[in-house]
Amino acid sequence: MEAKAQLNYLRISPRKVGIVCDLIRGKSVAEARAILKNTPKAACEPLLKLLTSAEANAENNHQMDPERLYVAETYASGGPIIKRIQPRAHGRAFRINKRTSHVTIVVRER
């Protein structure tokens, strides 16, 4: 039995979110929450809300014990890229890619 929570169109690049996902993968929910609260990365705040949502889904929708939950899977895949242009010398244009992420957290019971 597993419970899942998904966050789409997060305005942080998947590479940066993936670093934080690697920190919490395989940890218990309580330990993952402590890691996210004490890590100084921009992706930690939305991931903490997503972890809380996954835990609530497990408890309310699947009647799992919140004490025995752990982060089974967490991954960030690329979302749509917002393309912007920055003017450069001699009339040229430089493209700026503002990347977005789709983040998924899956929790299971031990």
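Every chain's residues receive numbers from 1 upward, in the order its sequence appears when written. Local features in a predicted model are, by the rule used here, given only for residues with pLDDT of at least 70; side-chain atom pairs are given and counted only at 80 or more, and totals for whole chains, interfaces and linings are based on all residues. The side-chain numbers reported here are obtained from all heavy atoms of the structure, hydrogens and water having been left aside.

1. Focus on the sheet that holds strand β2 (residues 69-78)
Moving on, step 1. The strand order β1-β5-β2 describes an open sheet built from 3 strands, whose pairing is antiparallel. Of all the strands in the sheet, just β1 (2-10) and β2 have a single pairing partner and so form its edges. Geometrically, the sheet is characterised by an average inter-axis angle of 15 degrees between neighbouring strands, direction not taken into account.
Moving on, step 2. A pair of strands is considered paired only if DSSP assigns at least 2 bridges between the two. Every helix listed is a DSSP run of H or I at least four residues long, and every strand listed is a run of E at least two residues long, numbered separately from the N terminus. Inspection of the sheet shows β1 paired to strand β5 (residues 101-109) by 7 bridges, in the antiparallel sense. When the sheet's bridge partners are listed, A5 is paired in β5 with I105.
Moving on, step 3. Seen against the sheet, helix α1 (residues 14-24) touches β1, β2 and β5 and runs at an angle of roughly 165 degrees to β2. In this analysis, axes come from line fits to C-alpha atoms, helices being fitted only over the stretch in contact, and the angle between any two N-to-C directions falls in the range 0 to 180 degrees. Contact between two residues is taken to exist if any of their heavy atoms lie within 4.5 Å; hydrogens are not considered.

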